Amino acid sequence: MNTTGGTTFQGRRPDIRRRLIITMIAFGIPTVAAIVAAPLVGSTTIDLRRVLDRSVPISENVDAQIFFIARLPRTLAGALVGASLAAAGVVFQGLLRNPLATPFTLGISSGAALGAMLAITFDWTIGFAGLSAVPIASFAGSVGAVAIVYALSVARQRGLSTSVLLLAGVTLNAFFSALILFVQYFADFAETFRTLRWLMGDLDVSSFQPIVAALPLALGAFGLFATLPRALNLLSLGPDSAGTRGIDVTRAQRTAFFSASLATGAAVSVGGPIGFIGIIVPHLVRLLVGSDHRLVLPASALFGAAFLVACDTLARTVISPVELPVGVITALLGGPFFLWLLVRR
Amino acid sequence: MSIRSLCLCVAALTLFFARSSPSASSSQPVNHPKRIISLIPAVTEMVYAIGAGPQLVGVGSFDTYPSEVASLPRVGGLLDPDVERILALKPDLVIVYGTQNDLRLQLERAGINQFSYKHGSLAGVMETIRALGIRLGRAEGADRVATDLENRLSAIRGKVSGRVRPKTLLVFGRDALALRGIFASGGIGFIHDMLTTAGGDNVFTDVTRESVQATTELILQRAPEAIIEMRQSVKADEIAAERAVWSTLSSLPAVRTARIYILTDSSLPVPGPRVAQATESIAKTLHPEAFR
């Protein structure tokens, strides 16, 4: 999941490799700590010795089942979703040159939400590879939204227009929200309740299959992210000056758009549209390491994983035995932070 | 997600999970109503059960039972009552849900009587039937229906008494073919009461809410001995596959003894005059030997 940021050695910044290593260690330690610690706590107390006791068959070992079926997949799902959303946030902010952009700005989440709503309301039973209809439909919805936004942004001109991208995305968000209301009209109350709950985000995946299914998509996206930091640094000066410094602006923008969309779509299919991760994490990281994308991008992925795993641990323990939706926790932390960011300068 | 859709959802939830007992509205009945509109499926069923069906001139958009409702005009649902159509049908009584405040205000302004209702406990169903009977001038018929229900429920109680009460997880919503988005009955409300009457102990008795989002960890920890799912949309040929998804949680007694049941009966989640039938189907599921 880690990317090595900009691997190109640049003469003017001979210390970037060293800084990258220090950053990765500094952000990696809390991430690993969060992932190791999270499965140890929960609404019930489990005995770790019993969890690892091989003499008891797994079908009789409740502690082991709680650890391996309930908590571990959930923690890993949190790490995957957190890393994907945070990194996608960095890329979208760089691409759109807008500090308030999030992975959901361009309509991906509402496309995904529309897919999930349809699957829940009409109780679709399609499914393969251990995946149920809801994650499949939500991923299909995000792909549809991405395709529409991209088609619009290249329709009227050569290259990619980020302003059309932004406007089309925001408009599509509104349009999909209207379609969601339309679908909701046909839902009964139990279905409405479940769709609303889906929108608040839920990492209780109860098996490794959803993670295994999303992992290739996320890894593909991260592979593309690894090629982006230098281009994103130059794009922050504006597309024209970036072009004069020897990068293929349109190609970089296209890579950024599709990779960040892929990461977002994969993340939402696993955990629902968990808000604010994609904006809080990148900004906190920038406060700590500066604005060089070679550091911000990998550090955000690591910190995003740790942050969401921590939020989810809070969500499932704070009012146990029942739990708070993880999206509520991230929103409670993220909303005020977002406002602070807005008035800071 | 737009604020508006969230508001709508929240309103829907409030309606579904509101817990308070039924109450007749304060308006003074002068004559017994002859043109009734019912927006609430459970109460529509009650109106038919006490013999006032012929007086209905309109029903809500979610009404499906009894089959007579098919021929009646639809006047919207809980969230979208069509006031214009309601007024055009010239009703002298409109049965509304307790939280439909806008509609209630409009009816008041138009001088139309109303009977307001909210979901509550199992005993609340019989209370509502009796209150409705008084309101519709059919107190005797309503009392017969309510007493009959009470007798049938206590007969069920009698049949299952003394038998081992399985710790039961009662699911009323779940994603198809996955252990995600599981909503189960909490320790209050008519569904919980039905389970208790039918000889099961709710695994979430201690949670004082009508619904619980049951996470994998919570289900593993509560270790239900039986799992009953009320899922009307599951088709007969999908039941085996839907039961099989639980096998992941192999430490659950319910999984080990294969006591996982998917009930598709449409009467199950309706707090109306079919509650005895619904309770009986839960009781037969948990205690088949008691009904031989």
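Residues numbered from 1 in each chain as written. Chains lettered and ligands numbered in written order. Predicted model: local features only at pLDDT ≥ 70, side-chain atom pairs only at ≥ 80, totals over all residues.

### Here's the deal with unusual backbone geometry
Phase 1: Backbone torsion omega between Ser320 of chain A and Pro321 of chain A reads 15 degrees, so that peptide bond is classified as cis.
Phase 2: In this structure, Pro321 of chain A sits in the loop between α13 (293-317) and α14 (326-344).
Phase 3: Look at the link from Tyr65 of chain B to Pro66 of chain B: it is a cis peptide, with omega at -10 degrees.
Phase 4: Counting through the fold element by element, Pro66 of chain B comes out in the loop between β2 (56-59) and α3 (83-88).
Phase 5: In the Ramachandran plot, Phe276 of chain A falls in the positive-phi region, its phi being about 75 degrees despite a non-glycine side chain.
Phase 6: With 23 C-beta atoms packed within 10 Å, Phe276 of chain A lands in the buried category.
Phase 7: In the Ramachandran plot, Leu177 of chain B falls in the positive-phi region, its phi being about 60 degrees despite a non-glycine side chain.
Phase 8: Residue classification places Leu177 of chain B among the buried residues on the basis of 20 C-beta atoms within 10 Å. (Helix = DSSP H or I, 4+ residues; strand = E, 2+ residues; numbered from the N terminus. Buried ≥ 20, exposed ≤ 12 C-beta atoms within 10 Å, placed from the backbone.)

### Here's the deal with the sheet that holds strand β3 (residues 93-97) of chain B
Residue and element names in this part refer to chain B.
Phase 1: Strand order across the open sheet formed by 4 strands is β2-β1-β3-β4, with parallel pairing between neighbours. Single-partner strands in this sheet number two, and they are β2 and β4 (114-117). Between one strand axis and the next, the sheet turns through 20 degrees on average, direction left out of account.
Phase 2: As judged from the 3 bridges shared by strand β1 (residues 36-38) and β2, these two strands associate in the parallel manner. Its bridge partner being in β2, Ser38 is matched across the sheet by Val59.
Phase 3: The strands that helix α2 (residues 41-49) touches are β1, β2, β3 and β4; relative to β1, the one it contacts most, it runs at about 140 degrees. (Pairing = 2+ DSSP bridges. Axes fitted to C-alpha atoms, helices over the stretch in contact; angles between N-to-C directions. Contact = placed C-beta atoms within 7 Å.)

### Topic: the packing of helix α3 (residues 62-96) of chain A against α13 of chain A
All names here are of chain A.
Phase 1: Between α3 and α13, the least distance of the axes is 7 Å, while the angle of their chain directions is 140 degrees. At the point where α3 passes α13, the crossing takes the right-handed sense.
Phase 2: Looking at the contact of α3 with α13 residue by residue, the class counts come to 16 nonpolar, 7 polar and 2 charged. (Left-handed = near helix turned anticlockwise from the far one by under 90°. Nonpolar A, V, L, I, M, F, W, Y, C, P; charged D, E, K, R; others polar.)

### Considering the nonpolar core
Phase 1: Counting 191 residues, the largest nonpolar core has Ala87 and Val91 of chain A together with Ile50, Ile95 and Leu132 of chain B as the members making the most contacts within it.
Phase 2: Top contributing element to this core by residue count: α3 of chain A, with 21 residues. (Core = buried A, V, L, I, M, F, W, Y, C linked by C-beta atoms within 7 Å.)

### Side note on the packing of helix α4 (residues 108-121) of chain A against helix α5 (residues 133-155) of chain A
All names here are of chain A.
Phase 1: It is at 6 Å that the axes of α4 and α5 come closest, and there the two elements cross at 145 degrees. Between α4 and α5 lies a crossing whose hand is right-handed. Between α4 and α5, the residues in contact are Ile108, Ser110, Gly111, Ala112, Leu114, Gly115, Ala116, Leu118, Ala119 and Ile120 and Ala133, Val134, Ala137, Ser138, Phe139, Ala140, Gly141, Ser142, Gly144, Ala145 and Val146, respectively.
Phase 2: Classifying every residue of the contact of α4 with α5 by side-chain character gives 14 nonpolar, 7 polar and no charged.

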